[in-house]
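Chain residues, written in single-letter form:
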Amino acid sequence: MFMVRHGYPGGWRLLDLVRRLGIVKKPICIPVPGGFLDVPLHRECQTDWDESYVLQYEKAFVDALVSAAASLPGSIALVDCGADIGTLSVLLAGRVPRLSRIIAFEPNEEAFPFLESNLRRLSLPAVARAAAVSDFRGRARLDSTDLDRSDSAKFIVADPAGAVTVERVDGLGIGGTSVILKVDVEGAEIDVLRGALETLRAAPAFVVGFEAHREVATRTGIDPIECVRLLESVRPIRVAAAEEPGAHIDSRRPFFEQVGALKVYNLVCSST
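A.B. asks: I'm lost on the packing of aromatic side chains in this one. Help?
C.D. replies: Where two aromatic rings form a pair, the distance of their centres and the angle of their planes describe that pair. Evaluation of the coordinates by the stated rule reveals 5 aromatic pairs. Geometrically, the ring pair formed by Trp49 and Tyr57 is tilted, given 5.6 Å between the ring centres and 50 degrees between the ring planes. Taking 5.0 Å as the distance between ring centres and 70 degrees as the angle between the ring planes, the aromatic pair formed by Phe255 and Phe256 counts as edge-to-face. With relative accessibility at 18%, the residue Phe256 sits in the buried group. Grouped by ring-pair contacts, the aromatic residues Trp49, Tyr53 and Tyr57 constitute a single cluster. We note Arg219 situated over the ring of Phe155; from NZ or CZ to the ring centre the distance is 3.9 Å.

A.B. asks: Just to check I follow, could you spell out the sheet that holds strand 13 (residues 264–271) for this structure?
C.D. replies: Backbone hydrogen bonds are what pair the strands of a sheet, in a parallel or an antiparallel way. Taken together, the 7 strands give an open sheet; going across it, the order is 5-4-3-10-11-13-12, and neighbouring strands pair in mixed fashion. Single-partner strands in this sheet number two, and they are strand 5 (126–129) and strand 12 (237–241). Averaged over all pairs of adjacent strands, the angle between strand axes in this sheet comes to 15 degrees, irrespective of strand direction. As paired elements, strand 12 and strand 13 share 5 bridges and run antiparallel to each other. Residue Ile237 lies in a different strand from strand 13, and its bridge partner there is Ser271. Along the sheet, helix 4 (residues 59–69) contacts strand 3 (76–81), strand 10 (178–183), strand 11 (206–213) and strand 13; its crossing angle with strand 13, the most-contacted strand, is approximately 5 degrees. Where helix 6 (residues 112–120) meets the sheet, its contacts fall on strand 4 (99–105) and strand 5, and the angle it forms with strand 5 comes to roughly 175 degrees.

A.B. asks: When you look at the sheet that holds strand 7 (residues 138–143) in this model, what are you seeing that I'm missing?
C.D. replies: Ordered in space as 6-9-7-8, the 4 strands form an open sheet in which the pairing is mixed. The open sheet has two edge strands, strand 6 (132–133) and strand 8 (155–158), and neither has a second partner. In terms of strand pairing, strand 7 meets strand 8 through 4 bridges, oriented antiparallel. In the strand pairing of strand 8, Leu142 is matched with Ile156.

A.B. asks: I keep staring at the pattern of salt bridges and nothing clicks. Help me out?
C.D. replies: If charged atoms from side chains of opposite charge come close, those side chains can pair. Summed over all chains, the structure comprises 15 salt bridges. Close ionic contact of Arg95 with Asp63 constitutes a salt bridge, the shortest N to O distance being 2.8 Å. Residue Arg95 is found in the loop between helix 5 (87–93) and strand 4, and its partner Asp63 is found in helix 4; the two are separated by 32 residues along the sequence. For Arg95, a relative accessible area of 37% corresponds to the partly exposed category. One connected set of salt bridges, linked through shared partners, spans Arg43, Asp84 and Glu110.

A.B. asks: Mind showing me how you'd approach unusual backbone geometry here?
C.D. replies: Glycine aside, the phi torsion of most residues is negative, and most peptide linkages are trans. We note that Glu58 has phi near 40 degrees; this positive angle belongs to a residue other than glycine. Within the element layout of this structure, Glu58 appears in the loop between helix 3 (51–55) and helix 4.

A.B. asks: So what exactly am I meant to see when it comes to the pairing of strand 11 here?
C.D. replies: Side-chain direction in a regular strand flips from residue to residue, so the side chains alternate between the two faces of the sheet. The buried count for strand 11 comes to 8 of 8 residues, which makes it a mostly enclosed element. Of the two faces of strand 11, the one holding Phe206, Val208, Phe210 and Ala212 and the one holding Val207, Gly209, Glu211 and His213 are both buried throughout. By the bridge criterion, 7 bridges tie strand 11 to strand 13 in an arrangement that is antiparallel. Looking across to strand 13, one finds that Gly209 is bridged to Val268.

A.B. asks: Explanation requested: helix 10 (residues 225–232) in the structure shown.
C.D. replies: Every α-helix winds through 3.6 residues per turn, so residues three or four apart in the chain are directed the same way. All buried positions along helix 10 are accounted for by Ile225, Cys227, Val228, Leu230 and Leu231. Buried residues in helix 10 make contact with helix 7 (189–194), helix 8 (197–202), strand 11, strand 12 and strand 13.

A.B. asks: Can you walk me through helix 4 in this structure?
C.D. replies: Where helix 4 is concerned, the buried positions are Phe61, Val62, Leu65, Val66, Ala68 and Ala69. The arc that holds the buried residues of helix 4, viewed along the axis, is 165 degrees, so those residues lie on one side. Its buried side turned inward, helix 4 meets strand 3, helix 5, strand 10, strand 11 and strand 13.

Rules behind the numbers
One numbering rule holds for all chains: residues counted from 1, following each sequence as written. Where totals are concerned, whole chains, interfaces and linings use all residues; where local detail is concerned, this predicted model gives features only for residues with pLDDT of at least 70, and gives and counts side-chain atom pairs only at 80 or more. Excluded from the side-chain calculations are hydrogens and water; all other atoms, namely the structure's heavy atoms, are used. For Phe, Tyr and Trp, where Trp contributes only its six-membered ring, two rings pair if their centres lie within 6.5 Å, and the inter-plane angle classes them as stacked under 30 degrees, edge-to-face over 60, or tilted in between. The buried label applies to any residue whose accessible area, calculated with a 1.4 Å probe on protein chains only, is under 20% of its type's maximum; exposed applies above 50%, and partly exposed to all values in between. Note on geometry: a ring has a charge over it if NZ (lysine) or CZ (arginine) is within 6 Å of the ring centre and within 35 degrees of the ring normal. If DSSP finds at least two bridges between two strands, the strands pair. Secondary structure follows DSSP: runs of H or I at least 4 residues long count as helices, runs of E at least 2 residues long count as strands, and numbering of each begins at the N terminus. Interaxial angles span 0 to 180 degrees and are taken between N-to-C directions of axes, which are lines fitted to C-alpha atoms, for helices over the stretch in contact. Any two residues whose heavy atoms approach within 4.5 Å at even a single point are treated as in contact. A pair is scored as a salt bridge if a Lys or Arg side-chain nitrogen falls within 4 Å of a carboxyl oxygen belonging to Asp or Glu. It is the directions from the helix axis to the C-beta atoms that the arc portrays.

So, to be careful, I would describe these as geometric facts and stop short of saying anything about function.
Written out as structure tokens, the structure is:
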């Protein structure tokens with residue numbers, strides 16, 4: 001990967017060779033600030049990960065969350081919805097000093113064991129829950145579209161006979177602490193927020209970070225700005241697009257009319 005990133009001839013060929021030999025069909029342990037991260041290289045969505053990639057993972061988003069967290073009062077609970085293997089949780093644990101506990105949700109059975117092992121290494125209380133998050137408690141199944149069949153693009157569909165457990169953030173009983181709520185659930189972000197309103201109202205202060213994806217918004221018909229409006233109904237907030245921090249986000253206008261041409265943005269909403 002070093003060769004690929006720096007344009008050395010033969011990098012991709014060498015990477016293809018080690019893949020075909022099966023050398024990367026195993027987890028590796030990557031050092032990160034404050035700990036380590038187990039990464040399953042055999043998963044299609046993580047086959048190219050190395051230390052450099054992990055340290056730069058969602059950098060604009062992570063930096064924006066860390067900056068917003070600095071203004072939160074007292075101890076902070078992180079609720080990570082759509083945690084995958086826990087990369088963002090682990091990175092925030094190393095950079096947010098007053099983080100007191102982590103609750104991370106991931107319904108994908110292939111990613112979940114790595115989420116568990118990565119949270120287990122942390123020096124603060126951290127729990128991995130094999131469940132999806134929405135505005136109801138029940139069952140669902142994981143689905144995807146022809147545009148992207150990878151694990152990281154799967155979303156839940158309510159299904160009483162489904163294999164996936166679904167929970168609500170409000171069912172966690174978090175109270176008396178500031179909250180960071182990270183939501184990356186492939187189009188169901190507004191459902192997660194509806195199921196977290198009691199928690200956000202009870203928190204002394206909160207930071208909510210969620211993904212705004214053009215293709216996902218087209219599929220669901222839900223403009224990411226609807227999530228902003230819902231959070232504004234809880235209390236006044238500051239809104240920033242992590243990848244375009246100079247943009248002024250107006251909740252009265254469609255989101256993608258207010259930013260550049262990137263396909264994916266991360267919005268960070270901080271209570272004031």
